[in-house]
Amino acid sequence: MPTPLRRDGDLTRRTFLLAAGGVGVTAALAACTPQGASPAPATSATPAAWTPPAEPMAFPQGYTWGASTSAFQIEGALAADGRGASVWDTFAALPGKIADDSTGDPAADQYHRYVEDVALMSSLGLGAYRFSISWSRVLPTGAGEINQAGLDYYRRLVDELVGAGIRPTITLFHWDLPQALQDVGGWSSRDTAARFADYAAVCFEALGDAGADWLTLNEPKTHAFVGHWYGVHAPGLRDPDAAAAAVHHQLLAHGLAVQRFRESSTPGRIGAALNLIPVIPTDPDYPEAATFTDARENRLFLDPILKGSYPDDAIGDQAGQLPADPAEFLALQQPGDLDLISSPCDLLAIQYYGVTGIDSIGNTVEIAPTSAATWQQIDPQGLYDLLTRLKDEYPAIPLILTENGIPDATADITVDDPDRIEFLRSHFQQAARAIGDGVPLEGHYVWSLLDNFEWAEGYTQRWGIVAVDFDTQERTPKKSAGFFADVIAAGAVSRD
Ligand code: IFM
């Protein structure tokens, strides 16, 4: 059985000592969930075991520098041009679900301001822009007749990007399932995977000429766990078996879409975007719960896609496991499913926000400083550990890091973001270090281009390198955007 990630002995010991003063909370690690929050104890920053060299660390020629967003978080225009409702429209309208009672309208109104936003990207020197397509803009009921006006929006956006020399990286599903599909079972239903493949084929046909990098799913873990188990995201279910079904059916959807991509001979590359998290046992004598947590958080998604099998320790009633019925999960799987899910991909996209400690009984332990998003335990070296683990334990595949970032320390609009500069600098350094050690990392995308609708947190967390005034829609690059532009221009990150 693979062991969860461990550092060198030094760090493990230090981590353990820090953990002794940490706060245990029920394990809830998928990104964006307030359930991951624990009152932040005054832990000192975890000192890195590695220090960057004095000279700037250069990135390879052709390294992709990008920024990411997603449709529901930035587009606004929820009622424009025939768009259908998604589960997030429904969920955000329920009282008490969103911290500030906001909705996805107007968000950053990119639907109407994409020209300005692409110009902004150009001014920063971005080589790629990752956005997602709203399924219900293209197919308002999730299937059937195409809404040409919705599809045309993405055509205009792609053309604008390509015209500016910016490569589109297109996510097909970033959690905004058409409500009409939720009404007939959502991801609990196997049929949703087939509907997704049809929708993907529509997008390949309409936008395939751009030679984009395509990402089938964004963070299937977060959508399955936070949306179907914790009930904190849409569709708001609290049912571990529904979460397990959402895992399998999303992964099946991924495999079917990869197959349609190959059949259509669409130029470009395809893969999935997984949020992964190093899991560090805080009691080295009892690492089992951390091993199960690693299975649930990481291997449950990596293994089927890259190895064609599910780990046998991710689901069950042990501390750290997804508490669904393993027999029910097995019954969802039909012959050939895992072959489909492991259809060869061109790349693996990973999203990295930090690490977690797990104690002997499966509680989350704070072992690193958190950001304003208290689920996020910041540890740049964890990125290096994760990247080298992928190289060492999985079949070789090009990697791109499609999300990496922190929220501002304040909910108020600001352009002064020294923490983000430090976060980016230290993560760029660890990425360069990993590349130097043979990791096939080809690009790094910051989350996020713009302040936006941060799901259950509404507009109370600002993750952009560009500030957005949601009243006027004025965009103002933060200091971190200037820092990022300098790194891009230099093709290198310096020590400080
Ligand atoms: O905003 C989210 C994004 O939608 C998915 N990954 C994590 C980000 C920050 O929580």
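Up top you'll find the structure we're talking about.
Residues numbered from 1 in each chain as written. Predicted model: local features only at pLDDT ≥ 70, side-chain atom pairs only at ≥ 80, totals over all residues. Heavy atoms only, no water.

Visitor: Would you explain the state of the cysteines in this entry?
Guide: Formally, a disulfide is one covalent bond, and it connects the sulfur atom of one cysteine to the sulfur atom of another. On inspection of all chains with the given rule, the structure shows zero disulfides. Cys 345 supplies the cysteine sulfur nearest to Cys 203, a cysteine that is in no disulfide, at a spacing of 17 Å. The class of Cys 345 is buried, set by a relative accessible area of 18%. (Disulfide = S-S within 2.5 Å. Buried < 20%, exposed > 50% of the residue type's maximum accessible area, 1.4 Å probe, protein only.)

Visitor: Teacher, can you tell me more about the pattern of salt bridges here?
Guide: Working definition: two side chains of opposite charge can pair if their charged atoms are close together. With the rule as written, the count across this model stands at 29 salt bridges. With a shortest N-O distance of 3.0 Å, Arg 155 and Asp 209 are connected by a salt bridge. Taken together, the residues span a long stretch of sequence, with Arg 155 in helix H6 (residues 148-163) and Asp 209 in the loop between helix H8 (191-207) and strand S6 (213-218) at a distance of 54 residues. In this structure, the salt-bridge partner of Glu 442 is Arg 269, at a minimum N-O distance of 2.8 Å. On the criterion of sequence distance, the pair formed by Glu 442 in strand S13 (residues 441-447) and Arg 269 in strand S7 (residues 269-275) is long-range, its members being 173 residues apart. For Glu 442, a relative accessible area of 32% translates into the label partly exposed. (Salt bridge = Lys/Arg side-chain N within 4 Å of Asp/Glu carboxyl O. Helix = DSSP H or I, 4+ residues; strand = E, 2+ residues; numbered from the N terminus.)

Visitor: Just to check I follow, could you spell out the site of the ligand for this structure?
Guide: For the ligand, the set of nearby residues contains 12 residues, the closest of which are Gln 73, His 174, Glu 219, Glu 403 and Glu 454. In the environment of the ligand, an oxygen atom lies 2.8 Å from a nitrogen or oxygen atom belonging to the side chain of His 174. Side-chain polar atom of Trp 447 to an oxygen atom of the ligand: 3.3 Å apart, as the coordinates give it. Grouping the constituent residues of the shell around the ligand by class yields seven nonpolar, two polar and three charged. (Near = heavy atom within 4 Å. Polar contact = N/O pair within 3.5 Å; in protein donor to acceptor, adjacent residues only side chain to side chain. Nonpolar A, V, L, I, M, F, W, Y, C, P; charged D, E, K, R; others polar.)

Visitor: In this structure, what is going on with the nonpolar core? I would like to understand it.
Guide: Buried together is how nonpolar side chains tend to be arranged in soluble globular proteins. In terms of nonpolar packing, the biggest core is built from 142 residues, with Trp 88, Ile 133, Phe 196, Trp 214, Phe 225 and Phe 428 touching the most fellow members. Tallying contributions element by element places helix H10 (residues 240-263) first for this core, with 11 residues. Residues contacting Phe 428, with those up to four places away along its chain left out, are Phe 59, Trp 65, His 444, Val 446, Phe 483, Phe 484, Val 487 and Val 493. (Core = buried A, V, L, I, M, F, W, Y, C linked by side-chain atoms within 4.5 Å. Contact = heavy atoms within 4.5 Å.)

Visitor: Would you explain the pairing of strand S5 (residues 167-173) in this entry?
Guide: Sheet faces and side chains relate simply in a regular strand, where the side chains alternate between the two faces. Taken across its seven residues, S5 has six buried, putting it largely inside the fold. Sheet analysis places strand S4 (residues 128-132) next to S5, joined by five bridges and oriented parallel. Of the residues in S5, the one forming a bridge with Arg 130 is Thr 169. Relative to S6, S5 runs parallel, the two sharing four bridges. Considered in S6, the bridge of Thr 171 is made with Leu 215. (Pairing = 2+ DSSP bridges.)

Visitor: Got a minute to help me understand the packing of aromatic side chains in this structure?
Guide: Aromatic ring pairs are defined here through the distance separating the ring centres and the angle between the ring planes. Per the counting criterion, the structure on display carries 36 aromatic pairs. Summarising the aromatic geometry, the rings of Trp 88 and Phe 453 are spaced 6.3 Å apart at their centres and angled 80 degrees between planes, so their arrangement reads as edge-to-face. Linking Trp 88 in helix H3 (residues 87-92) with Phe 453 in the loop between S13 and strand S14 (466-468), this pair joins segments that are 365 residues apart in sequence. For the residue pair Trp 88 and Phe 453, the accessibility class agrees, reading buried in each case. Taking the centre distance of 5.7 Å and the plane angle of 80 degrees together, the rings of Tyr 114 and Tyr 153 count as edge-to-face. With Tyr 114 in helix H4 (residues 110-124) and Tyr 153 in helix H6, this residue pair connects regions lying 39 residues apart in the sequence. Each member of the pair, Tyr 114 as well as Tyr 153, carries the same accessibility label: buried. (Phe/Tyr/Trp six-rings, centres within 6.5 Å; stacked < 30°, edge-to-face > 60°.)

Visitor: In this structure, what is going on with the pairing of S13? I would like to understand it.
Guide: Here S13 lies mainly inside the structure; six of its seven residues are buried. Pairing between strand S3 (residues 64-68) and S13: five bridges, direction parallel. In the sheet register, Gly 66 faces S13, and the bridge partner there is Tyr 445. Taken together, the two bridges between strand S12 (residues 399-403) and S13 define a ladder with parallel strand orientation. Each residue of the ladder has a partner; that of Leu 399, found in S13, is Leu 441. Crossover handedness for the path S12 to helix H15 (residues 418-436) to S13: right-handed. (Right-handed = clockwise from strand over helix to strand, strands pointing away.)

Visitor: Can you help me understand the side chain of Ser 132 in this one?
Guide: Relative to the helices and strands, Ser 132 is located in strand S4. The exposure class of Ser 132 is buried, given its relative accessible area of 2%. Of note is the side chain of Ser 132, whose polar atom sits 2.7 Å from the backbone nitrogen of Ala 71.

Visitor: Please explain the packing of helix H14 (residues 380-393) against H15 as it appears in this structure.
Guide: Helices that pack against each other are described as a pair by the angle of their axes relative to one another and the distance between those axes. Two elements in contact, H14 and H15, have axes whose closest approach is 8 Å; the angle formed by their N-to-C orientations is 25 degrees. In terms of orientation, H14 lies roughly parallel with respect to H15. Like other packed secondary-structure pairs, H14 and H15 cross with a definite hand, here right-handed. Judged by residue contacts, Pro 380, Gln 381, Leu 383, Tyr 384 and Leu 387 of H14 engage Ser 426, His 427, Gln 430, Ala 431, Arg 433 and Ala 434 from H15. When its residues are assigned to classes, the contact of H14 with H15 shows six nonpolar, four polar and one charged. (Axes fitted to C-alpha atoms, helices over the stretch in contact; angles between N-to-C directions. Parallel < 35°, antiparallel > 145°, perpendicular 65-115°, else oblique. Left-handed = near helix turned anticlockwise from the far one by under 90°.)

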